[in-house]
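Next come the chains, spelled out residue by residue.
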2 protein chains.
Amino acid sequence: MLRLPIRRPAALTRGLRSALLLSALVCGRASAQDPLPSWNEGPSKKALVEFVGRVTKAGGPEFVAAPERIAVFDNDGTLWSEQPIYFQVAFAFERVKTLAPQHPEWKEQEPFQSVLAGDVKGALAGGEKAIGALMGATHSGMTTEEFQKIVLDWAGTAKHPRFQRLYTECVFQPMLEVLAYLRANGFKTFIVSGGGAEFMRPWAEKVYGIPPEQVVGSRGKLKFELRDGEPVLLKLPDPDFIDDGPGKPVGIQQQIGRRPILAFGNSDGDLQMLQWTTAGAGPRLALIVHHTDAEREWAYDRPSPIGQLDKALDQAKARGWTLVDMKQEWKRIYPFEAK
Amino acid sequence: MLRLPIRRPAALTRGLRSALLLSALVCGRASAQDPLPSWNEGPSKKALVEFVGRVTKAGGPEFVAAPERIAVFDNDGTLWSEQPIYFQVAFAFERVKTLAPQHPEWKEQEPFQSVLAGDVKGALAGGEKAIGALMGATHSGMTTEEFQKIVLDWAGTAKHPRFQRLYTECVFQPMLEVLAYLRANGFKTFIVSGGGAEFMRPWAEKVYGIPPEQVVGSRGKLKFELRDGEPVLLKLPDPDFIDDGPGKPVGIQQQIGRRPILAFGNSDGDLQMLQWTTAGAGPRLALIVHHTDAEREWAYDRPSPIGQLDKALDQAKARGWTLVDMKQEWKRIYPFEAK
């Protein structure tokens, strides 16, 4: 909104307001107050604004009723950064260090030994099995409410090694604007992430405006029990569901129960979610954050061990999905950057 | 609202409106437009209205912010009837009859043989195993979208044997009012049912005003695959999650991710959900529909094979949970009854 430096008589302000309103009506809403100020006027912003215009135009041929305006977002690499390692893995590493005194056996047991020695590469050398062992050991053995406190403590203190900012500050300003823009247009925004739902929920409402019931993620098994008559939900070490790749449409169906009309991802783990979203009838939009900015963030795609974007990059080109060129299209990356 | 039989001059109407508003302010909101007109002025209505008043009173000691106003409802026996058999079982029986020509082996195989002979008791004699076999055979082998159409066809045609009304009309009018009343007061209403989520979602939005993403239920395994390049979700026969008993708090945590402040059930299958809800900090309300009306609906509790209410009945008395006496407290049972 235009900010007036001095107070003016009410009648003048009213006149100014009418003029602004008129110019907004003539030039389209965005000119009065750009809902996506951190986006350059590139193809992605155009695709987003045009799509929202089409599905919200009452009486238009592509109008979509508000309850059907479901938008799904991957988290790692789409809403926040995922380098140099997935932030949830950084959380697990910190938990290993905290819990080490209670686990003397970890000194001679991988991947814990490497984590304790500060050897990230060694810790992750065991691939999925090593990550599974880390997650099982650090994400279970407590109640859901105890885990929530642990996550909140971490989110309020742990800092990203490159930026020396809280991890929850290393979120993408342009994506915060997309979330708010869609919600202002009657969309319901969901996270659909390979990360743990219980890891994201404690801070996602504050950071993204996305409430716990709109977070779909991987999950471990839970067990209900009465402890001295008090009901608790215990987090068990076994995985219950992995919300990644072909798991994403499954997680969407299980938890949301209807097909999204807009999906935003950044890696091959989002491929099936993008396929599922765009195969529905009526207007559909699929977007991929392409990490092209080695200066301000990171540049990676096909050969990256984290956030690999290979098959989905081919399909994006073949199917006309929108590739967001981070370097070209984003004015700002993080909220903490100066405007 | 008061309905005026003739048009009056605007000023008079305004005067009348002011008088009504004044009387509403003096007598409390309910007197101007009772949000629960099918409820007698009994202890349950009082408990509901007082609870909603407390948690929505801004600045009050028990105020609960809107996002935390999560209310969960069992479905079978709480939002609609469950006699003489669970409606989803009636649906499965009908599917068996429809599918029988493709399954000649069913003529000599239980529980299918009994279903085809119209012998309900025989069909259910095998207990949970028989029901599992019925569900597996009738709720799988198609895509989620094909199943949705099958359910909608059934919901639009199949009639309850006693009332000769659509099953989706055999819902409880007083409970529809509770759902609407809570939503009007900023609550988010969820179904948390032992029934199948995919069975409830196709009609729950129209019938209860509850969208698919607010339906938590039992579910079968799903498989994502590409069929001639077209992505589909296949319904597999194996159960993935049973949302009943101790499964209900687990389902709530997995899908909603925060603890409800109000829970409404009717049977021992809801016991842990009621325990979990009421054990949280701050104001909590637990209610149980007690089926006491053999004339207008059914009367059953402790020894019933369907909707058994035994342990939860004891706990309701011990813990001060609100027992809704259907016969005494409900003016109407179904929407199709004359007012």
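Each remark here, short or long, concerns the structure printed above.
Here is what the cut-offs are and how they apply
Residues numbered from 1 in each chain as written. Chains lettered and ligands numbered in written order. Predicted model: local features only at pLDDT ≥ 70, side-chain atom pairs only at ≥ 80, totals over all residues. Heavy atoms only, no water. Phe/Tyr/Trp six-rings, centres within 6.5 Å; stacked < 30°, edge-to-face > 60°. Helix = DSSP H or I, 4+ residues; strand = E, 2+ residues; numbered from the N terminus. Buried < 20%, exposed > 50% of the residue type's maximum accessible area, 1.4 Å probe, protein only. Least-squares fit on C-alpha atoms with pLDDT ≥ 70 in both. Contact = heavy atoms within 4.5 Å. Pairing = 2+ DSSP bridges. Axes fitted to C-alpha atoms, helices over the stretch in contact; angles between N-to-C directions. Salt bridge = Lys/Arg side-chain N within 4 Å of Asp/Glu carboxyl O.

Engineer: I tried to follow the packing of aromatic side chains on my own but got confused; where do I start?
Structural biologist: Here the distance between the centres and the angle between the planes together describe a pair of aromatic rings. If you walk through the whole model with that rule in mind, you get 40 aromatic pairs over all chains. Their ring planes at 65° and their centres at 4.8 Å tell us that Phe163 of chain A and Tyr334 of chain A sit as a pair that is edge-to-face. Highlighted residues: Phe163 of chain A in the loop between helix 8 (144–157) and helix 9 (173–184) and Tyr334 of chain A in the segment after helix 14 (326–329), separated in sequence by 171 residues. Using a relative accessible area of 1% as the deciding quantity, one classes Tyr334 of chain A as buried. With a centroid separation of 5.4 Å and an interplanar angle of 50°, the aromatic rings of Trp154 of chain B and Phe199 of chain B are classed as tilted.

Engineer: Quick question: what am I supposed to make of the relation of the copies chain B and chain A here?
Structural biologist: The two chain copies are related to each other by a rotation about an axis together with a translation along it. Superposing chain B onto chain A takes a rotation of 180° combined with a translation of 0.0 Å along the rotation axis, leaving an RMSD of 0.0 Å. With respect to symmetry, the two chain copies, as superposed, fit the operation of a two-fold axis. Across chain B, the rotation axis passes nearest the C-alpha of Gln255 of chain B, at a separation of 3.1 Å. With an isologous cut-off of 70% or more, the 100% of interface residues of chain B that recur at the interface of chain A puts this contact in the isologous class.

Engineer: Any chance you could explain the sheet that holds strand 4 (residues 230–241) of chain B here in plain terms?
Structural biologist: Pairing between sheet strands relies on hydrogen bonds along the backbone, with the strands arranged either parallel or antiparallel. All names here are of chain B. In space, the seven strands of this open sheet follow the order 4-3-2-1-5-6-7, with mixed pairing throughout. Two strands in the sheet have a free side with no partner beyond their single neighbour: strand 4 and strand 7 (322–325). When strand polarity is set aside, the average angle formed by the axes of neighbouring strands in this sheet is 30°. Pairing analysis gives four bridges linking strand 1 (residues 70–73) to strand 2 (residues 188–196), with the strands arranged parallel. From the neighbouring strand, Val72 faces strand 2, where its bridge partner is Phe190.

Engineer: How do you make sense of the pattern of salt bridges when you look at a structure like this?
Structural biologist: Where charged atoms from two side chains of opposite charge come close, those side chains can pair. Within the structure shown, the criterion is met by 39 salt bridges over all chains. The salt bridge involving Glu41 of chain A is made with Lys45 of chain A; its shortest N-O contact spans 2.8 Å. We classify Glu41 of chain A as exposed; its relative accessible area is 67%. One salt bridge connects Glu225 of chain A with Arg227 of chain A, and the closest N-O pair in it is separated by 3.9 Å. Using a relative accessible area of 23% as the deciding quantity, one classes Glu225 of chain A as partly exposed. The structure contains a network of salt bridges with shared partners spanning Glu68, Lys188 and Arg258 of chain A together with Glu205 and Glu213 of chain B.

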